Amino acid sequence: MNYTTLYNTIQSYTENQFPDVYLASGSTVSATTQINTFITQAEQRIYNSVQFPSIRKNVTGVTTTSNKYLACPTDFLAVYSMAVVDATGAYEYLLNKDVNFIRQAYPNPTDTAIPKFYALFGPQSSDLKELTFILGPTPDASYNVELHYHYYPESITTVSGGQTWLGDNFDTVLLYGSLVEAYTFMKGESDIILGYDAKYKEALALAKRLGDGMERQDAYRSGQYRQAVT
């Protein structure tokens, strides 16, 4: 399901064209803005409920000698793994710790070596919207770093071509999630909202079966996927 189909389907199911809303400030909220909000809110709920491979991203960076801080990517949400690549090309995966552990273990910033630990430190001083990692010990050289992390893929409302992995492969959960948001906005009948919410949860359960189940195993290692039958 591409963006245009999703947009039209939301209007069809709700039997609402979502006319422009005129605010007291004099500004206008268009139908497109309203529906796009429903969709992006649904996407956010889904991406925080199911760990699809499509929400994983891989980037590389470089540490700075004698600098224990490393900037996070601008679209960073959470870490899957972080590795430092030494001079031989070997990967050394860092252990996630709390900031106070690193401060206690390496109290002197001039104690340098290849990093073994990292923690999410907090906002960057130059941009409070973005985050920073702290490494321990302080890097003694410029090392390549490979980071796997959780992020929000570009929304179907803005992506070129109006197609995303979620829309192409699991449009039911995206549609019903958007309808729940739309009917909540409309202050619709409670039985209708509950009905769409039930369909959303049913679709979400199937999505979790895929993202948190089948995509995390194979038949050789784990045997064929089994589900308890009641």
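Predicted model, so just to flag it, every value in this text is computed and none were measured. (Residues numbered from 1 in each chain as written. Predicted model: local features only at pLDDT ≥ 70, side-chain atom pairs only at ≥ 80, totals over all residues. Heavy atoms only, no water.)

## Describing the overall build of the protein chain
Across its full length, the protein chain carries seven helices and 10 strands. A globule of 230 residues ought to have a C-alpha radius of gyration of about 17 Å, yet the protein chain, at 23 Å, is considerably larger. Here the C-alpha coordinates of the protein chain stretch approximately 65 × 55 × 30 Å along the principal axes. Scored against the burial criterion, the 230 residues of the protein chain give a buried share of 39%. A sequence separation of at least 24 residues applies to 68% of the contacts in the protein chain between residues at least 6 apart. In the structure as shown, the protein chain presents an accessible area of about 13100 Å², 51% of it carried by carbon and sulfur atoms. (Helix = DSSP H or I, 4+ residues; strand = E, 2+ residues; numbered from the N terminus. Rg over C-alpha atoms; globule rule 2.2 N^0.38 Å. Buried < 20%, exposed > 50% of the residue type's maximum accessible area, 1.4 Å probe, protein only. Contact = heavy atoms within 4.5 Å. Areas by Shrake-Rupley, 256 points an atom, 1.4 Å probe, with all protein chains shown as cover.)

## Details of the packing of helix 1 (residues 3-14) against helix 2 (residues 31-47)
Between two packed helices, both the angle of their axes relative to each other and the distance between the axes serve to describe the pair. Relative to each other, helix 1 and helix 2 sit at 100°, their axes nearing to 11 Å. When the interaxial angle is binned, helix 1 and helix 2 end up roughly perpendicular. On helix 2, the residues touching Tyr 3, Leu 6, Tyr 7, Ile 10 and Gln 11 of helix 1 are Ala 31, Thr 32, Ile 35, Asn 36 and Ile 39. (Axes fitted to C-alpha atoms, helices over the stretch in contact; angles between N-to-C directions. Parallel < 35°, antiparallel > 145°, perpendicular 65-115°, else oblique.)

## Section: the environment of Leu 174
Structurally, the position occupied by Leu 174 is in helix 5 (residues 171-186). Residue classification places Leu 174 among the buried positions, given a relative accessible area of 1%. Separated by 35 residues in sequence, Leu 174 and Pro 139 place their C-alpha atoms 44 Å apart. When neighbours within four sequence positions are excluded, Leu 174 is seen to be in contact with Leu 6, Ile 39, Ala 42, Glu 43, Ile 46, Ile 156, Leu 166 and Gly 167.

## Considering the sheet that holds strand 6 (residues 91-93)
What the four strands build is an open sheet, ordered 3-10-5-6; its pairing is antiparallel. Two strands lie at the open edges of the sheet, namely strand 3 (56-62) and strand 6, each paired on one side alone. Between one strand axis and the next, the sheet turns through 25° on average, direction left out of account. As paired strands, strand 5 (residues 78-85) and strand 6 are joined by three bridges and run antiparallel to one another. Within strand 6, the residue paired with Val 84 across the bridge is Glu 92. (Pairing = 2+ DSSP bridges.)

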